[in-house]
Amino acid sequence: MWEHLVARERLPEWLGTPLEGPSHTPGTLVIDHGDGTLCTSTLLEVDPGEGLAMTWQFPEEPETRLEVHLHARAGTTGTVLELVHRGLGELTDSYGPGWTTRLTFFEASLEGSPLPLDQFWNLWSTVNGLGAR
């Protein structure tokens, strides 16, 4: 799961198009989430196979902190991905459905059946309507 999470060639299948920077070593990463909507992040901590921490900032939003942790699932060979997004404040309600949708795209990509990114907002609307927060 770690390799898939940080593979630059996989990011467009679930997150967006990387325009600049590394995806798994400290440094600045810029992702185009579509229509020129750019998110700039600074990778702060990288623990290969275990997780990472980074800043997260879209234009017109405050800088926040995103952490991804990978944990072995007890009694299996599976892995649990834990995503923690800190400092969202009033943006929390809008990010909940967004991360649920992004992680759905990640899971499909990980399983070898990427979803078309142009369907992101359709799925987001469904997830948002279900109250995933």
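Data block above holds the structure.
One structure accompanies this document, and this report is about it. The structure displayed is predicted, hence computed values, not measured ones. (Residues numbered from 1 in each chain as written. Predicted model: local features only at pLDDT ≥ 70, side-chain atom pairs only at ≥ 80, totals over all residues. Heavy atoms only, no water.)

## Regarding the layout of surface pockets
Taken as a whole, the largest pocket encloses approximately 550 Å³ of empty space. In terms of lining, the largest pocket is formed by 21 residues, of which the most central are His-33, Phe-58, Arg-102, Phe-120 and Trp-121. Elements supplying a minimum of two residues to the lining of the largest pocket: α3 (92-110) and α4 (120-129). For the lining of the largest pocket, the element with the most residues is α3, which contributes five residues. (1 Å grid on protein atoms, 1.4 Å probe; cavity = no way out; pocket = protein on both sides within 12 Å on 5 of 7 lines; lining within 4 Å. Points joined across faces, edges and corners; volume = space filled by probe spheres on them. Helix = DSSP H or I, 4+ residues; strand = E, 2+ residues; numbered from the N terminus.)

## A few points about the packing of α3 against α4
It is the contact of α3 with α4, at a shortest axis distance of 9 Å, that shows an interaxial angle of 125°. Considering the angle they form, α3 stands oblique to α4. The handedness of the crossing between α3 and α4 comes out as right-handed. Contacts between α3 and α4 pair Ser-94, Pro-97, Gly-98, Thr-100, Thr-101, Arg-102, Thr-104 and Phe-105 from the former with Phe-120, Leu-123, Trp-124, Val-127 and Asn-128 from the latter. Partitioning the contact of α3 with α4 into residue classes produces six nonpolar, six polar and one charged. (Axes fitted to C-alpha atoms, helices over the stretch in contact; angles between N-to-C directions. Parallel < 35°, antiparallel > 145°, perpendicular 65-115°, else oblique. Left-handed = near helix turned anticlockwise from the far one by under 90°. Contact = heavy atoms within 4.5 Å. Nonpolar A, V, L, I, M, F, W, Y, C, P; charged D, E, K, R; others polar.)

## Considerations on empty space enclosed by the protein
Going through the model one piece at a time under the given rule, you end up with one cavity of 30 Å³ or more. Empty space within the largest cavity amounts to approximately 180 Å³. Contributing to the lining of the largest cavity are 17 residues, with Leu-5, Trp-14, Leu-15, Leu-52 and Met-54 lying nearest its centre. Secondary structure elements with two or more residues in the lining of the largest cavity: α1 (2-6), α2 (11-14), β4 (51-56), β5 (64-72), β6 (79-86) and α3. When residues in the lining of the largest cavity are grouped by element, the largest group, three residues, is from β4. Split into classes, the residues belonging to the lining of the largest cavity amount to 16 nonpolar, one polar and no charged.

## What to know about the sheet that holds strand β1 (residues 17-20)
As summarised here, the arrangement of the six strands in space is β1-β2-β3-β4-β5-β6, forming an open sheet in which the pairing is antiparallel. Of all the strands in the sheet, just β1 and β6 have a single pairing partner and so form its edges. Going from strand to strand, the sheet's axes swing by 30° on average, the running direction of each strand aside. In terms of strand pairing, strand β2 (residues 27-32) meets strand β3 (residues 38-47) through six bridges, oriented antiparallel. Across the sheet, the residue bridging to Leu-29 is Ser-41, located in β3. (Pairing = 2+ DSSP bridges.)

## Notes on the environment of Trp-99
One can find Trp-99 in helix α3. Given the relative accessible area of 9%, Trp-99 is considered buried. Put simply, Trp-99 and Thr-37 are 62 residues apart on the chain and 16 Å apart in space, counted from C-alpha to C-alpha. With residues up to four places along the chain from it excluded, the contact list for Trp-99 reads Leu-15, Trp-56, Leu-66, Leu-83 and His-85. Looking at Trp-99, its side chain comes within polar contact range of the side chain of His-85, at 2.9 Å. (Buried < 20%, exposed > 50% of the residue type's maximum accessible area, 1.4 Å probe, protein only. Polar contact = N/O pair within 3.5 Å; in protein donor to acceptor, adjacent residues only side chain to side chain.)

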